[in-house]
Amino acid sequence: MDERKNKILSGFRLCILLFIAVILAGSSFYYFYWLKTPQYTVGLIADAIKKHDIETFDKYVDTDSILNKAYDDYFYVYFSKDPFMQKNPVRNLAEGLIKLAKPMAVNEMKAEVDSYIKSGEWKSSSNEESSGEYSVSKNNSDITEKLSVGNIKFKRIKYTKVDGNKAVVGIETDKDEKTENTVIEISMEKQDDDTWRVVSIYNMKEYAEKIIRQKSE
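These numbers come from a predicted model, not from an experiment.

Novice: For the overall build of the protein chain, give the residues involved together with the corresponding values.
Specialist: Of regular secondary structure, the protein chain possesses 9 helices and 4 strands. Helices and strands appear in the protein chain in the N-to-C order α-α-α-α-α-α-α-α-β-β-β-β-α. By residue count, 50% of the 217 residues in the protein chain fall in the buried class. By sequence separation, contacts in the protein chain at least 24 residues apart represent 57% of the contacts at least 6 residues apart.

Novice: Lay out the nonpolar core in plain terms, naming residues and giving numbers.
Specialist: Where a protein is soluble and globular, its nonpolar side chains tend to be buried together. In this structure, Phe-12, Ile-16, Phe-57, Tyr-74 and Ile-186 are the most contacted members of the largest nonpolar core, which totals 49 residues. Looking at this core element by element, the count peaks at 9 residues for helix 4 (residues 63-81).

Novice: Tell me about the packing of helix 4 against helix 6 (residues 91-119), and name the residues and values.
Specialist: Interhelical geometry of helix 4 versus helix 6 gives an angle of 150° and a closest axis separation of 10 Å. Classified by the angle between their axes, helix 4 and helix 6 sit roughly antiparallel to one another. Remark: the crossing between helix 4 and helix 6 carries right-handed chirality. Residues Thr-63, Asp-64, Leu-67, Asn-68, Tyr-71, Asp-72, Phe-75, Phe-79 and Ser-80 of helix 4 touch helix 6, and the partners they reach there are Arg-91, Ala-94, Glu-95, Ile-98, Ala-101, Lys-102, Ala-105, Val-106, Met-109, Lys-110 and Val-113. Of the residues that constitute the contact of helix 4 with helix 6, the class distribution is 11 nonpolar, 3 polar and 6 charged.

Novice: How would you sum up the packing of aromatic side chains? Please name residues and give values.
Specialist: Applying the stated rule across the entire model yields 6 aromatic pairs. Between the aromatic rings of Tyr-71 and Phe-75, the centroid separation amounts to 4.7 Å while the plane-to-plane angle is 55°, which identifies the pairing as tilted. Remark: Phe-75 and Tyr-71 occur in helix 4; sequence separation between them is 4 residues, near one turn of the helix. Residue Phe-75 is classed as buried on the basis of its relative accessible area of 5%. Ring geometry for Tyr-74 and Phe-75: centres 5.0 Å apart, planes at 90°, overall edge-to-face.

Novice: Any details on the pairing of strand 2 (residues 166-173)? Residues and values, ideally.
Specialist: Burial runs high along strand 2: 7 of the 8 residues are buried. Across 8 bridges, strand 2 lies against strand 3 (residues 182-190) in antiparallel orientation. Its bridge partner lying in strand 3, Val-168 is registered against Ser-187.

Novice: Give a detailed account of the pattern of salt bridges, specifying residues and quantitative values.
Specialist: Counted under the stated rule, the structure contains 5 salt bridges. Of the charged contacts in the structure, one is a salt bridge between Asp-62 and Arg-197, with a shortest N-O distance of 3.7 Å. In this pair, Asp-62 is assigned in the loop between helix 3 (54-60) and helix 4 and Arg-197 in strand 4 (residues 196-201), connecting sequence segments 135 residues apart. Accessibility expressed as a relative area gives 23% for Arg-197, which makes it partly exposed.

Novice: So what's going on with a nonpolar patch on the surface? Which residues, and what values?
Specialist: There is a patch of nonpolar side chains on the surface, built from Val-90, Leu-93, Leu-97 and Leu-100 and spanning about 420 Å² of accessible area. With respect to the helices, strands and loops of the structure, Leu-93 is situated in helix 6.

Novice: Tell me about the side chain of Lys-102, and name the residues and values.
Specialist: By secondary structure assignment, the location of Lys-102 is in helix 6. Of note is the side chain of Lys-102, whose polar atom sits 3.0 Å from the side chain of Asp-72. Other than its neighbours up to four places away in sequence, Lys-102 contacts Asn-68, Tyr-71 and Asp-72.

Cut-off values and rules
Residues numbered from 1 in each chain as written. Predicted model: local features only at pLDDT ≥ 70, side-chain atom pairs only at ≥ 80, totals over all residues. Heavy atoms only, no water. Helix = DSSP H or I, 4+ residues; strand = E, 2+ residues; numbered from the N terminus. Buried < 20%, exposed > 50% of the residue type's maximum accessible area, 1.4 Å probe, protein only. Contact = heavy atoms within 4.5 Å. Core = buried A, V, L, I, M, F, W, Y, C linked by side-chain atoms within 4.5 Å. Axes fitted to C-alpha atoms, helices over the stretch in contact; angles between N-to-C directions. Parallel < 35°, antiparallel > 145°, perpendicular 65-115°, else oblique. Left-handed = near helix turned anticlockwise from the far one by under 90°. Nonpolar A, V, L, I, M, F, W, Y, C, P; charged D, E, K, R; others polar. Phe/Tyr/Trp six-rings, centres within 6.5 Å; stacked < 30°, edge-to-face > 60°. Pairing = 2+ DSSP bridges. Salt bridge = Lys/Arg side-chain N within 4 Å of Asp/Glu carboxyl O. Patch = residues over 30% accessible without salt bridge, like charges linked within 9 Å, V, L, I, M, F, W, Y side chains within 5 Å. Areas by Shrake-Rupley, 256 points an atom, 1.4 Å probe, with all protein chains shown as cover. Polar contact = N/O pair within 3.5 Å; in protein donor to acceptor, adjacent residues only side chain to side chain.

Okay, here's the thing in structure tokens:
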């Protein structure tokens, strides 16, 4: 049961890895932006990850909001796009179980994110190995290779769309000669002190579809 659960949740975990990897890749660019702009905040988050500064990370990243929304988006795509689930007779049952599993799965992923920010290593209490260590890249090595997760490099902030107290920042990555440039969009909200906080991965469904497609190949 644990093995099956990990297999289903591995794509969700990989989406979060992509988010962290893209933010981390842009750790040196933000000095070029004005203070208290969405772009500058992205740089502060990257620095917090590098320095294992969980307090600063939590100040500018609403992990609970990101994971809850990401979970819903990922499994919406999973049940509508995954070839195995298209005509599966137990699809309705599986959808119900996924909804029931959400609180536990999100809490586990949050613990993994917190552990990574603090230590720089991915861990999971649900892994079968006695060491308790869980590497998202290792356990999805075929997919991470196809998506070139390990080769993600920050290219630029492609665009920032601000609408009052909300903003969407498009972070363009430059991976390698075999893969096209990619834009990960993050949603941000302005705080009372005029700083910004990430609340969701805006184009999560797009990345979920890509990961699910790679898993089925």
